[in-house]
Each structure stands twice: as structure tokens, then as C-alpha cells.
Amino acid sequence: MSMKPTHFLALLFRNVIGLILLMIGEAQTVIALQGPLIVKVSAAPEMAQPTSTGTWGFLSEDKAEQTANLGWFYNNLLLGGPGELAERARFYNEAAKAGNANAMFLLGDAYAAGKGVRQSNTEAATWYRQAAEKGHIGAMLCLGKCYAYGKGVLKDQTEAAIWYRKAADMGNAEAMEELGACYQCGAGVQKNDQEAFNWFRNAAHAGNVQSMTQVGLCYSFGKGVQVIESEAVIWFS
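The residue numbering used here restarts from 1 in each chain and proceeds along that chain's sequence as written. Owing to the predicted nature of the model, reporting of local features is limited to residues with pLDDT of at least 70; listing and counting of side-chain atom pairs is limited to 80 or more, with chain, interface and lining totals taken over all residues. Hydrogens and water are ignored here; the side-chain numbers use all heavy atoms of the structure.

A. Main features of the overall build of the protein. Helix numbers and strand numbers start at the N terminus; a helix is a DSSP run of H or I with at least 4 residues, a strand a run of E with at least 2. For the protein, the helix and strand inventory stands at 11 helices and two strands. Counting from the amino terminus, the protein carries its helices and strands in the arrangement α-β-β-α-α-α-α-α-α-α-α-α-α. Accessible surface area values rest on a Shrake-Rupley calculation with a 1.4 Å probe, where residue burial reflects the displayed protein chains alone. Here the protein has roughly 12,200 Å² of accessible surface; of this, 55% comes from carbon and sulfur atoms.

B. Structural view of a nonpolar patch on the surface. On the surface, a cluster of nonpolar side chains totalling about 310 Å² of accessible area is made up of L217, F221 and F236. As for its position among the elements, F221 is in helix α10 (residues 209-221). Here, patches come from residues exposed beyond 30% relative accessible area and free of salt bridges, joined within 9 Å for like charges and within 5 Å for nonpolar side chains (Val, Leu, Ile, Met, Phe, Trp, Tyr). Salt bridge, as applied in this entry: a Lys or Arg side-chain nitrogen positioned within 4 Å of an Asp or Glu carboxyl oxygen.

C. Expanded view of the confidence of the model for the protein. Confidence of the predictor in every single residue is expressed as pLDDT, which spans 0 to 100. When pLDDT is averaged along the protein, the result is 78; 65% of the residues meet or exceed 70. By the convention used here, residues are in contact when the closest approach between their heavy atoms is within 4.5 Å. Within the model, pLDDT remains below 50 along residues 21-61, and this stretch shows 89 contacts once partners closer than five positions in the same chain are excluded.

D. Main features of the pattern of salt bridges. The tally for this structure, following the rule as stated, stands at four salt bridges. Among the salt bridges present, the one from R90 reaches E94, with a minimum N-O distance of 2.7 Å. Here E94 and R90 lie together in helix α3 (residues 82-97), a separation of four residues that amounts to about one turn. K145 is paired through a salt bridge with E174; the nearest N and O atoms lie 2.4 Å apart. Pair noted here: K145 is in helix α6 (residues 137-149) and E174 is in helix α8 (residues 173-185), with a separation of 29 residues, a long-range link.

E. Main features of the side chain of S211. Among the structural elements, S211 can be located in helix α10. Judged by its relative accessible area of 0%, S211 is buried. Not counting residues within four places of it along the chain, the set of residues in contact with S211 comprises E177, F200, A203 and A204. Throughout this description, buried means an accessible area under 20% of the type-specific maximum (1.4 Å probe, protein chains only), exposed means over 50%, and partly exposed covers the range between.

F. Representation of the nonpolar core in the model. Grouped together as the largest cluster of nonpolar side chains are 46 residues, with contacts concentrated most on F105, Y128, Y164, L179 and V215. The leading source of residues in this core is α6, at nine residues. Aside from chain neighbours lying at most four places away, what touches Y164 is L141, G144, K145, A148, A175, E178, L179 and C182. Remark: nonpolar core denotes a set of buried residues (Ala, Val, Leu, Ile, Met, Phe, Trp, Tyr, Cys) joined through side-chain atoms within 4.5 Å.

G. Looking closely at the packing of helix α5 (residues 121-133) against α6. For helices, the fitted line uses only the C-alpha atoms of the stretch in contact; every axis is such a line through C-alpha atoms, and the angle between N-to-C directions lies from 0 to 180 degrees. Packing of α5 against α6 brings their axes to within 8 Å, and their N-to-C directions diverge by 140 degrees. The orientation of α5 with respect to α6, classified from their angle, is oblique. You can see that α5 and α6 cross each other, and the crossing is left-handed. Here A125, Y128, R129, A131 and A132 of α5 come into contact with α6, specifically with A139, M140, C142, L143, C146 and Y147. Working rule for angles: under 35 degrees goes down as roughly parallel, over 145 as roughly antiparallel, 65 to 115 as roughly perpendicular, anything else as oblique. In a left-handed crossing the near helix is turned counterclockwise from the far helix by less than a right angle, and in a right-handed crossing that turn is clockwise.

What follows is the structure, encoded as C-alpha cells:
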């Protein structure tokens, strides 16, 4: 049986691309080579979940994960012309329908941006929801934003805060920042400056730059915390 062009390309470039990416040394990324396919294993929780076969990463022997990985190949290793975008979306669609949460999330991204598919906020929100319900942290954040801004769903600040909290509780720094903003403004939750400060501080400690500024402002104006100018200076710097 002849090898598919996509498999051939992956096999051809796997060592070269893997070496280049490893030399670049992405701080939270490890590239593993498995057979003719390239596996990207990220330290980010939403991208490094155990698969059904017990392996860590974006691929296993599972058909859905293999299909999703081909979508990743088109997403990361090709130039992104119209043909590649459509092919990428096709792989994600197949894997998503087979139950792969990462593919669901990436298909949601494709619909949100109109890359390889006709742009549709409704489809994006639908796929984000399915991925989020499977525990995909990035999808929880995106679904929260869909509700916050009425993208593909009816605007619902309460529902937005619910999904932000789910992602924040699982360690997503951006979701912590968004939840802090919800408490700061009383959007979907009861306004609470102390809760806002706590979530901004959690996000700041997790590396969220915007939240570092917010923590500094809280210390400067006594929002949810005692005024401590020295602390404000530290966070602003």
C-alpha cells in the first residue's frame, strides 16, 4: 500500500524539523518523534493530557489522535495557504467527530478565525463547548469569552464567569485574570474587590503580565487589599 503524501512529508521532515525545534528550545515544549508522525507534547495542561492509551501527548495509536496530529502537522509545519488550511480543518473535523478534545478545540479556533472553513462564531462556540465538557482548559477559557461577548451564543456574563472559574481552578492564568475582572466589575458575579485582588494575584504569580499591573493598582488604591505603596512599586516594575 502506498504511503499518503502527508505521511511521506512528515517522515521526510521529522528529524530535521524535530532538531530545529529542539535547538530553538521552546521553554514549555518537547518534540517527540513517533513513527512517521511528529508529536508535540506541551507542558501546558490543556495540551499535555493523558490519552486513552495511557501515553502523554497529542498522539497515540488511537485513530482520532493520529488524525488530529495530521491537523497539527498542517498547522505548524506548512505555510498555511488555502489548501493547507482546508486540509488542516478536515483533519481536525474528523478527529473531533471521533472524540478528540484537542481537535475539537482547534476546530473551534478554525471556525472562529475562518481558517480553512467558513467563519462561524456559532460553530466555534459549539466545538469549544464540546472540548470544554471533555476537560480541555483552553476551550473553557474560549467558551467563557464566547459568553462574555455574545460570540456564537447569547451574551451571558454569569455563564462566562462559570467557565472562567472552571479554567482558573485548573490553573489557567488568563482565566484567573478574566475572573478577577468579573469580580472587579460585578460581571456575572457579585462585585467583590477582595476576590478580584485574589484572582489577579493568583494570575500574576502564574506569570500573567496584565494581572501584575492590576495587583499594583490594587495596592495603590486599596482595592481589596490595604494600601501598600512599596508593594505597588514592586508589581509595577
